[in-house]
Amino acid sequence: MAEFLLSAAAFVVLMVAIGLVRVARGPGRAERMMAAQLLGTGAIGALLLVGAATGEGSVVDVALTLALLSAFASIAFVKFAMRQDQPAARAEDAL
Amino acid sequence: MIAPVVSMVVVALLLWLAVWSVVAHDAFLAVAAFVVYGLLLALVWVRLAGIDVALTEAAIGGGLTGALLLGAVGRLRRTEAALSTEHAGTGTRIAAALLAVGVAGGLMIAVTMLPEQPPTLAPLVVPALPATGVGNPITGVLLAFRALDTLLEAIVLVIALIGVWSFGPDHAWGGRPGPRYSADPNGMLAYLARVLPPLGIVIGIYLFWAGADHPGGKFQSATILAAMWMLVQMAALADTPRTDRNILRAGIVVGPLVFIVVGVFGLWTAGAFLGYPDGWSKPLILLIEMALLPTLVLVLALLMNGPATRKAVP
Amino acid sequence: MSTVLDVFSIVAIMGGAFFYLAGTVGLLRFPDAYTRLHALTKADNLGLALVVVGLLPQMNGILAAAKLILVWLLVMLSSGAVSQLIARSVRRQEPQ
């Protein structure tokens, strides 16, 4: 069972790695913003699987932290991109 | 059989991300690569059974440093055009390459020359841990055996904050840092900033409490709390704090202050600065941690905000 | 009983892995930012949900299982809102 969980975690990490190709090539800024999202769901899935495989319960805490902080990082990226689009105008952000 | 393959895939990915974040032309892309690198490194730390380090890496390396770097990129935009037309001469490039290769080679040699049995104090720590009253050996080391280091680190953080504040213009001293964020009060960001912080605060306090016997502790907890506060600011639900408020300044110094008071108390009762008298260990550690939490939260959040740039209206 | 649970876990986690694959394929192959966001958010979240459901029988204790569900809910909430934010920022960049 542990072997299976670890291979599932490896598979998820591989998917994240392949997804990062899009982040690298992505023609727009949105693709870069998706990086934190991708990591968020992918790494959390891998972490939970690894945690269940090793039986270490506190890995779920790392997953919680990652969930919160990757959301925060994504929002920071979006806010940054918005500010770059309107450097001078104090337009109403329709966010 | 699976484990080495996973490790190699992750290591290759990390190397690629590291190189990419250095050579990327677009600063935005470089910061995105760096954030991904930090989050992935947390996974590595979990595999290396360093859960506390994984927590700190996920919190600081993932979210906080990313936000900090983005702020720096924003401030550097004006100089970026001038920078991209600069070209280093061939001599400079060769010197830089030699220096980089030299440092990397030196590190590689040092790593291969490490003794088979790495020198470690862990066998000494484990039997002495029950005397400290905490179950997490990292907390025990940080707050009981090497408490002096933690105290000095807290003081360094406060000094760093003062240094950052000193970069602000004179007329704005004591004012509010950062720009005035604007966001639709009924929009998605405001919604997220209303729903997420309560969860984040509960999780942060839980991590603080769990740090006594499980991975966690005040630093990771403070990072989560600071990130939640920044989220509220970014959604324009609250403005950045005035840096001349007494309560803010009191919160910043309360951590090192209480730490020093406990140290002197130890000097008086146990014969050594930061010595804990028998039986007082756990309550004193708890007191220090509770005092350090507001300090860390305020310092981390204010470091991300930057120096005061808007004069506060009295 | 435990073999039934193990089989359930394996099936659920393989389903989750399939959805991660689908999400990555979508991320790579879809033509523009909106559709890629779609693939990323929906498929990856579904993958995570299936992984969480599959791991629930493997956890020892109600508290551990509850934490797992909390992680899932948190990710669902934040990724849903963040994908909206990213999509809106892309929309505003487009020439009107």
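Residues numbered from 1 in each chain as written. Chains lettered and ligands numbered in written order. Predicted model: local features only at pLDDT ≥ 70, side-chain atom pairs only at ≥ 80, totals over all residues.

Student: I'd like a description of the overall build of chain A, backed by residues and values.
Tutor: Per the secondary structure count, chain A includes 3 helices and 0 strands. In chain A, of all internal contacts separated by at least 6 residues, the share reaching a separation of at least 24 is 57%. (Helix = DSSP H or I, 4+ residues; strand = E, 2+ residues; numbered from the N terminus. Contact = placed C-beta atoms within 7 Å.)

Student: Outline the overall build of chain B, listing residues and values.
Tutor: Along its length, chain B carries 11 helices and 2 strands. Each helix and strand of chain B, placed in order from N terminus to C terminus, yields the pattern α-α-α-α-α-α-α-β-α-α-α-α-β.

Student: If you had to explain the nonpolar core to someone new, which residues and values would you point to?
Tutor: Counting residues in each nonpolar core, the largest one holds 151 residues, and the members touching the most others are Ala9, Leu47 and Leu48 of chain A. Here the element with the most residues in this core is helix H3 (residues 59-85) of chain A; it accounts for 19 residues. A domain-level breakdown of this core finds at least three residues from each of domain 1 (1-80) and domain 2 (120-310) of chain B. Those residues in contact with Leu48 of chain A that lie beyond four places of it in its chain are Val60 and Ala63 of chain A together with Val51, Val52, Leu55, Leu68 and Val71 of chain C. (Core = buried A, V, L, I, M, F, W, Y, C linked by C-beta atoms within 7 Å. Buried ≥ 20, exposed ≤ 12 C-beta atoms within 10 Å, placed from the backbone. Domains from an automatic or database assignment.)

Student: Please give an account of unusual backbone geometry that cites residues and values.
Tutor: All names here are of chain B. In this model, Ala49 sits at a positive phi of 65°, which is unusual for a non-glycine residue. Residue position: Ala49 is located in the loop between helix H2 (27-47) and helix H3 (51-85). Residue class for Ala49 comes out exposed when judged on the 10 C-beta atoms lying within 10 Å of it. A positive phi angle, near 65°, is found at Leu274, a position not held by glycine. Within the secondary structure layout, Leu274 lies in the loop between helix H10 (246-270) and helix H11 (281-305).

Student: Please set out helix H8 (residues 188-210) of chain B residue by residue, giving values where relevant.
Tutor: Compared with the 33 Å implied by 1.5 Å per residue over 23 residues, the 32 Å span of H8 of chain B between its first and last C-alpha is a close match. Among the residues of H8 of chain B, those classed as buried are Met188, Leu189, Leu192, Ala193, Leu196, Pro197, Gly200, Ile203, Gly204, Leu207 and Phe208 of chain B. (Expected span 1.5 Å × (residues − 1).)

Student: Quick rundown of the interface of chain C and chain A? Include the residues and the values.
Tutor: Of the residues lining the interface, 40 residues belong to chain C; the matching set on chain A comes to 39 residues. Taken together, the elements giving at least two residues each to the side of chain C that touches chain A come down to helix H1 (2-29), helix H2 (33-55) and helix H3 (62-93) of chain C. Considering each element in turn, the side of chain C that touches chain A owes the most residues, 18 residues, to H3 of chain C. Along the lines of polarity and charge, the residues of the side of chain C that touches chain A split into 24 nonpolar, 10 polar and 6 charged. (Nonpolar A, V, L, I, M, F, W, Y, C, P; charged D, E, K, R; others polar.)

Student: Just give me the short version of the domain arrangement of chain B, but keep the residues and values in it.
Tutor: All names here are of chain B. Examined at the domain level, chain B breaks down into domain 1 (1-80) and domain 2 (120-310). Here domain 1 and domain 2 have C-alpha centroids that lie 23 Å from each other. Every contact between the two is made by 11 residues of domain 1 and, on the other side, 13 residues of domain 2. Partitioning the side of domain 1 that touches domain 2 into residue classes produces 7 nonpolar, 3 polar and 1 charged.

Student: Hey, could you go over the confidence of the model for chain B for me, with residue numbers and the actual values?
Tutor: Averaged over all residues, the pLDDT of chain B is 85; the fraction at 70 or higher stands at 97%. With a pTM of 0.89, the predicted complex shows an ipTM of 0.87. (pLDDT = per-residue confidence, 0-100.)

Student: Go over the environment of Ala193 of chain B with me, naming the residues and quoting the values.
Tutor: All names here are of chain B. Mapped onto the elements, Ala193 comes out in helix H8. Distance in space between the C-alpha atoms of Ala193 and Trp229 is 9.1 Å, their sequence separation being 36 residues. Setting aside chain neighbours within four positions, we find Ala193 in contact with Leu231, Val232, Ala235 and Leu237.

Student: Could you give me a rundown of the interface of chain B and chain A, with the residues and numbers involved?
Tutor: Buried accessible area, meaning the area lost when the parts come together, often serves as the stated size of an interface. Contacts between the two partners involve 49 residues from chain B and, on the opposite side, 45 residues from chain A. Taken together, the elements giving at least two residues each to the side of chain B that touches chain A come down to helix H1 (2-23), H2, H3, H8 and helix H9 (218-234) of chain B. Class assignment for the residues of the side of chain B that touches chain A results in 37 nonpolar, 10 polar and 2 charged.

Student: Tell me about the packing of helix H2 (residues 29-54) of chain A against H2 of chain B, and please be specific about residues and values.
Tutor: Taken N-terminus to C-terminus, the directions of H2 of chain A and H2 of chain B make an angle of 5°; their axes are 9 Å apart at the nearest point. Compared by their axis directions, H2 of chain A and H2 of chain B come out roughly parallel. Residues Arg29, Arg32, Ala35, Ala36, Leu39, Ala43, Ala46, Leu47 and Val50 of chain A of H2 of chain A form the contact with H2 of chain B, whose participating residues are Phe28, Leu29, Ala32, Val35, Val36, Leu39, Leu40, Leu43, Val46 and Arg47 of chain B. Class assignment of the residues belonging to the contact of H2 of chain A with H2 of chain B gives a composition of 16 nonpolar, no polar and 3 charged. (Axes fitted to C-alpha atoms, helices over the stretch in contact; angles between N-to-C directions. Parallel < 35°, antiparallel > 145°, perpendicular 65-115°, else oblique.)

Student: Go over the packing of H2 of chain A against H3 of chain C, please, and point to the residues and values.
Tutor: Here H2 of chain A crosses H3 of chain C at 170°, and the two axes come no closer than 10 Å. Between H2 of chain A and H3 of chain C, the interaxial angle falls into the category roughly antiparallel. Between H2 of chain A, through Ala30, Met33, Met34, Gln37, Gly40, Thr41, Ile44 and Leu48 of chain A, and H3 of chain C, the contact on the second element is made entirely by Leu68, Val71, Val75, Ser79, Val82, Ser83, Ile86 and Val90 of chain C. Across the contact of H2 of chain A with H3 of chain C, the residue classes tally to 11 nonpolar, 5 polar and no charged.

Student: Can you tell me about the environment of Gly174 of chain B, naming the residues and giving the values?
Tutor: All names here are of chain B. Along the chain, the position of Gly174 falls in the loop between helix H7 (147-165) and strand S1 (176-177). Classification of Gly174 by C-beta neighbours within 10 Å gives partly exposed; the count is 16. Counting along the chain gives 137 residues from Gly174 to Lys311, while the straight-line C-alpha distance between them is 7.2 Å. What Gly174 contacts, discounting residues up to four positions off in sequence, is Thr243, Asp244, Ala308 and Ala312.

Student: Could you give me a rundown of the environment of Ile288 of chain B, with the residues and numbers involved?
Tutor: Residue and element names in this part refer to chain B. Here Ile288 shows up in helix H11. In sequence terms Ile288 and Leu151 are 137 residues apart; their C-alpha atoms lie 9.6 Å from each other. Sequence-distant contacts of Ile288, defined by excluding residues within four places in its chain, comprise Leu143, Val258, Phe259 and Val262.

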